[in-house]
Amino acid sequence: MWFKNLRVYRLTKEFDLTAEKLNELLEPGQFVPCGSQDAARYGWVPPLGRHGSVLVHSTNGYLMVCAKKQEKVLPAGVINEKVDEMAQAISQKEGRQVGRKERQNLKDEVLMEMRPKAFARSRLHYAYIAPRDGWVVVDASSASAAEELLENLREAISSLAVVPLAAKNLPQQTMTHWLHAPEAPAQFEFGHECELRDPKDSGSVIRCKNQDLCAEEIHNHLVAGMQVHKLGLTWRGGVEFLVDDQLSLKRVKFSDELIEKADSADADNAAQRFDADFSVMTIEISALLTDLLAAFGGANTETASVEEIVARASRAESEHAAAEVDEVVF
């Protein structure tokens, strides 16, 4: 349950639903597995999994929800090979070439035939609402996955006024200043990973891993005008992560001490253990985000425009799509 990614959204209106009311509103959208011809299904499941029955887990005012997405997965190569065989058979039998529209119809036939036999891939996406902090925190590596969860949550409760978390100072300029100094902000230490980009050439990218970020080689790149777009940091020695220029945190790793702190709680069952983990995690994330925003000059409370939100999501969507090249999801 410990979050590995943090995509944070700021509530622009007060969230006043109780755990009981939110659970009631989510119930009509509970997850139902894919049928034989379903391409995908999305719905809500208990955060506690088989150990729970409610769709909202509440601890210390934080409201945890969990969405499950199931997709039928078919390798693109298998589909194309079958379509090619069918098209070749038609060409040999009728002495003509199969056009693009007809190939698409053949592809649809193949999908109809293969979907019932296809493997179903399921993924869980957790999020929690922090009304007192004014945040919604989603454990998702891509903006598209986070937005999908928020959109389904918005549909369930009729309204969810959120915008991506933003800071007053531009993240890439601020991180560049830190590394150029080099001096990490208060409560933070540099990690061993960063990504540098040339503002004049979007294709010029340098990715450094397992490196001393204060080394002369990296300093020289900054002097040459490159900017930091991703930076590894450690917060108070307890949480390691990679923050990017959209203020999303990836590869979040909580220290053994924090996990042991949760494990040391007097828990007799799975629900109590979940409570302990959830409580420690949310307290640490709340303090982490407070310090991180302070390091970036404080939160920008001006509501982002629709264009800005779409641009952020589109950029992350492109990054996510680039990784999905070996299979096609229908």
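Each remark here, short or long, concerns the structure printed above.
Heads up: these notes are all about the structure in this document. (Residues numbered from 1 in each chain as written. Predicted model: local features only at pLDDT ≥ 70, side-chain atom pairs only at ≥ 80, totals over all residues. Heavy atoms only, no water.)

Time to look at the pattern of salt bridges. Enumeration according to the criterion identifies 14 salt bridges in this entry. In this structure, Arg154 engages Glu151 in a salt bridge whose closest nitrogen and oxygen atoms are separated by 2.9 Å. Taken together, the residues Arg154 and Glu151, both in helix H4 (residues 143-157) and three residues apart, mark about one turn of the helix. According to the relative accessible area criterion, Arg154 is partly exposed, its value standing at 24%. A network of salt bridges, in which partner residues are shared, links Lys69, Glu71, Arg121 and Glu148. (Salt bridge = Lys/Arg side-chain N within 4 Å of Asp/Glu carboxyl O. Helix = DSSP H or I, 4+ residues; strand = E, 2+ residues; numbered from the N terminus. Buried < 20%, exposed > 50% of the residue type's maximum accessible area, 1.4 Å probe, protein only.)

A word on unusual backbone geometry. Here the bond from Ala181 into Pro182 is cis, since omega is -20°, no more than 30 degrees from zero. As for its placement among the helices and strands, Pro182 is situated in the loop between helix H5 (171-180) and strand E8 (188-198). Within the chain, Ser158 stands out as a residue other than glycine whose phi angle is a positive 80°. Inspection of the secondary structure assignment puts Ser158 in the loop between H4 and strand E7 (162-164). You will see that Leu247, though not glycine, has its phi angle at about 65°, which is positive. Position of Leu247 relative to the elements: it lies in the loop between strand E11 (239-244) and strand E12 (249-254). Leu247 sits in the buried class, given a relative accessible area of 5%.

As a further point, take the pairing of E8. Among the 11 residues that make up E8, eight are buried, leaving the element largely enclosed by the rest of the structure. Alignment of E8 against strand E10 (residues 227-235), held across seven bridges, turns out to be antiparallel. Across the sheet, the residue bridging to Phe190 is Leu233, located in E10. Strand direction decides the pairing type here: E8 and strand E9 (residues 201-209), joined by six bridges, are antiparallel. By the bridge assignment for E9, Arg197 is matched with Val205. If you look at the hairpin formed by E8 and E9, you'll find two residues sitting between the two strands. (Pairing = 2+ DSSP bridges.)

Let's shift gears to the side chain of Ser248. By the secondary structure assignment, Ser248 is in the loop between E11 and E12. The exposure class assigned to Ser248 is buried, which follows from its relative accessible area of 4%. Reaching out from Ser248, the side chain makes a polar contact with the side chain of Asp244 at a distance of 2.5 Å. Setting aside its immediate chain neighbours within four residues, Ser248 contacts Leu6, Arg7, Leu242 and Val243. (Polar contact = N/O pair within 3.5 Å; in protein donor to acceptor, adjacent residues only side chain to side chain. Contact = heavy atoms within 4.5 Å.)

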